[in-house]
Amino acid sequence: MEVTNVTEYQAIAKEKLPKMVYDYYASGAEDQWTLEENRNAFSRILFRPRILIDVSKIDMTTTILGFKISMPIMLAPTAMQKMAHPEGEYATARAASAAGTIMTLSSWATSSVEEVASTGPGIRFFQLYVYKDRNVVAQLVRRAERAGFKAIALTVDTPRLGRREADIKNRFTLPPFLTLKNFEGLDLGKMDEANDSGLASYVAGQIDRTLSWKDVKWLQTITSMPILVKGVITAEDTRLAIQAGAAGIIVSNHGARQLDYVPATIMALEEVVKAAQGRVPVFLDGGVRRGTDVFKALALGASGIFIGRPVVFSLAAEGEAGVRKVLQMLRDEFELTMALSGCTSLKEITRNHIVTEWDAPRSRPAPRL
């Protein structure tokens, strides 16, 4: 079967992967309402395309934190990619680099920051979970910086792990032949089996629940890398993040894996963008499966988007070639959406190109009687 869109990779991954691994990647928290809503919310935003505009040349390039990339589509941090494919994060790093875009490496990667750097040039960000042992955190941040990573994406929505019932049923744990490579030498790379989810037990034991805004400031004292705060969905926290010195904000609900019944990220995006007032860039993470989704996010004020699950599903299906294809398909669809909306560059994509359910009805002239 020829794969013609990003979503089709999920069914292939489901056939190929062990149930425990597929369920870990695919599932959300509790009732999985937010998981479905992350996708469904996009379908309630409609286009207002403009016509008779010369769209023979379309420029999708953009600059993120000073780095020029080929398109506003970047790779979100997804943990333990070698469960999907033996090459794991290596394959993903090469695919992102070939596409001219940014890869974010998870703290819980099955390849270390040094190993990913060894795959060749590329712009890479490092996603950080803050461990109770701050020396471990400082060491890891320094290693990422030395390995040429350009920014920290600090995950702030995980003081505890969300209740992911599929992982509890499957007694999820990292397969024995894999480790969390960034923590290997620190006796923190192994995840023990537990009587529910091994990952939930690992998080309860290692991740610092006291994490607060002062730690965002502390991070700035140990690194010169800009810090993106990942997991913001309200105006209040947007303002606090900017006060704390964040260089950017990633609107994320952790792929609907933390607190269920939070809004879809595309629904929370505009509130965050308005609160940011242009002081820092705002990015969207969650639910993007089409080029049309990318356009909608940019129309609502995002500077770019991050994709997560499409990466691991395509990786499971076809390795590096799969990830390359996902990035190419999204790129092609986004370019087509721009053309059919009458936009030749990202700055031309405006709020007027879409209509949402919360927009005031557009005034119509009163009919003549």
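What you see is a predicted model, and the numbers here were worked out from it, not measured in a lab.

Participant: Looking at this model, I keep getting lost on the overall build of the protein. Mind explaining?
Facilitator: Secondary structure assignment for the protein yields 13 helices and twelve strands. Taken over C-alpha atoms, the radius of gyration comes to 20 Å for the protein, in line with the 21 Å a tight globule of 369 residues would show. Its C-alpha atoms give the protein principal-axis dimensions of about 80 × 50 × 40 Å. The burial tally for the protein puts 55% of its 369 residues in the buried class.

Participant: Quick question: what am I supposed to make of the pairing of strand β7 (residues 151-155) here?
Facilitator: Looking along a regular strand, one sees the side chains alternate between the two faces of the sheet. Taking burial as the measure, the five residues of β7 include five buried ones, the bulk of the element. In terms of strand pairing, strand β6 (residues 124-128) meets β7 through four bridges, oriented parallel. Residue Gln-127 lies in a different strand from β7, and its bridge partner there is Ala-153. Traced from β6 through helix α6 (residues 134-146) to β7, the parallel crossover comes out right-handed. Pairing of β7 with strand β8 (residues 227-232) involves four bridges; the strand directions are parallel. Directly across from Leu-154, in β8, lies its bridge partner Val-229.

Participant: Sorry if this is basic, but what is going on with helix α11 (residues 265-276) here?
Facilitator: Spacing of three or four residues puts side chains on the same side of an α-helix, whose turn is 3.6 residues. Relative to the 16 Å expected for twelve residues at 1.5 Å per residue, α11 spans 16 Å between its end C-alpha atoms, a close match to the ideal helical length. Within α11, burial applies to Thr-265, Ile-266, Ala-268, Leu-269, Glu-270, Val-272, Ala-275 and Ala-276. Where α11 is buried, its residues meet α3 (33-40), β8, α10 (235-243), β9 (248-251), β10 (282-285) and α12 (291-299). Immediately downstream of α11, the backbone of Gln-277 shows phi near 50°, a positive value.

Participant: What exactly am I supposed to notice about the pairing of β9 here?
Facilitator: A two-sided burial pattern is seen for β9, the buried positions comprising Gly-248 and Ile-250 on one face and Ile-249 and Val-251 on the other. Examined bridge by bridge, β8 and β9 share four bridges and lie parallel to one another. When the bridges of β9 are listed, Val-229 appears paired with Ile-249. Of the strand pairs in this sheet, β9 and β10 are connected by three bridges, and their pairing is parallel. Directly across from Ile-249, in β10, lies its bridge partner Val-282. For the crossover that starts at β9, traverses α11 and ends in the parallel β10, the hand is right-handed.

Participant: What is the right way to read the packing of α6 against helix α9 (residues 213-222) from this model?
Facilitator: Two quantities define a packed helix pair, namely the angle between the helix axes and the distance between the axes. Where α6 contacts α9, the two axes come as close as 10 Å, and the packing angle between them is 50°. It follows from the interaxial angle that α6 and α9 lie oblique. Considering only the axes of α6 and α9, their crossing is right-handed. Contacts from Arg-134, Val-137, Ala-138, Val-141 and Glu-145 in α6 reach Asp-215, Trp-218, Leu-219 and Ile-222 in α9.

Participant: Teacher, can you tell me more about unusual backbone geometry here?
Facilitator: Across the chain, the bulk of peptide bonds are trans and the bulk of non-glycine residues have phi less than zero. Positive phi, normally seen in glycine, also occurs at Leu-65, with a value near 50°. You can see Leu-65 is positioned in the loop between β2 (62-64) and β3 (67-69). Accessibility expressed as a relative area gives 25% for Leu-65, which makes it partly exposed. Notably, His-254 is not glycine yet its phi reads approximately 65°, a positive angle. Using a relative accessible area of 10% as the deciding quantity, one classes His-254 as buried.

Participant: Just checking my understanding: could you explain the packing of aromatic side chains for this structure?
Facilitator: The geometry of an aromatic ring pair comes down to the distance between the two centres and the angle between the two planes. Within the structure shown, the criterion is met by nine aromatic pairs. Their ring planes at 25° and their centres at 4.0 Å tell us that Trp-108 and Tyr-129 sit as a pair that is stacked. Separated by 21 residues along the polypeptide, Trp-108 in the loop between β5 (103-105) and α5 (113-117) and Tyr-129 in the loop between β6 and α6 bring together distant segments of the chain. Each member of the aromatic cluster is reached from another via a ring pair, and the members are Tyr-24, Tyr-25 and Phe-172. Positioned above the aromatic ring of Trp-218, the side-chain terminus of Arg-134 is 5.0 Å from the ring centre. In this structure, Arg-257 is placed above the aromatic ring of Tyr-24, and the distance from its NZ or CZ to the ring centre is 4.7 Å.

Participant: Help me understand α10 in this model?
Facilitator: Among all positions of α10, only Ala-235, Thr-238, Ala-241 and Ile-242 are buried. The buried residues of α10 occupy an angular sector of 120° when projected down its axis, which confines them to one face. Lining the buried residues of α10 we find α9, β8, β9 and α11. One or two steps after α10, the chain reaches Gly-245, where phi turns positive at roughly 95°.

Participant: Got a minute to help me understand the environment of Ala-26 in this structure?
Facilitator: Counting through the fold element by element, Ala-26 comes out in helix α2 (residues 19-26). By relative accessible area, which is 12% here, Ala-26 ends up buried. Considering only alpha carbons, one finds Ala-26 and Ala-166, 140 residues apart in sequence, at a separation of 9.4 Å. Among all residues touching Ala-26, those that are not within four sequence positions of it are Gln-10, Leu-35, Arg-309 and Phe-313.

Participant: Would you take a moment to explain the nonpolar core for this structure?
Facilitator: For soluble globular proteins, nonpolar side chains are generally found buried alongside one another. Within the largest apolar cluster, 104 residues are counted, with the highest numbers of intra-cluster contacts made by Trp-108, Leu-128, Ile-266 and Phe-334. For this core, the leading source of residues is helix α13 (residues 309-341), giving 13 residues. Core analysis: the next-biggest nonpolar cluster, separate from the first, contains 13 residues, Met-74, Ile-102, Ala-153 and Phe-306 among them.

Cut-offs and rules
- Residues numbered from 1 in each chain as written.
- Predicted model: local features only at pLDDT ≥ 70, side-chain atom pairs only at ≥ 80, totals over all residues.
- Heavy atoms only, no water.
- Helix = DSSP H or I, 4+ residues; strand = E, 2+ residues; numbered from the N terminus.
- Rg over C-alpha atoms; globule rule 2.2 N^0.38 Å.
- Buried < 20%, exposed > 50% of the residue type's maximum accessible area, 1.4 Å probe, protein only.
- Pairing = 2+ DSSP bridges.
- Right-handed = clockwise from strand over helix to strand, strands pointing away.
- Expected span 1.5 Å × (residues − 1).
- Contact = heavy atoms within 4.5 Å.
- Axes fitted to C-alpha atoms, helices over the stretch in contact; angles between N-to-C directions.
- Parallel < 35°, antiparallel > 145°, perpendicular 65-115°, else oblique.
- Left-handed = near helix turned anticlockwise from the far one by under 90°.
- Phe/Tyr/Trp six-rings, centres within 6.5 Å; stacked < 30°, edge-to-face > 60°.
- Lys NZ or Arg CZ within 6 Å of the ring centre and 35° of its normal.
- Arc of directions from axis to C-beta.
- Core = buried A, V, L, I, M, F, W, Y, C linked by side-chain atoms within 4.5 Å.

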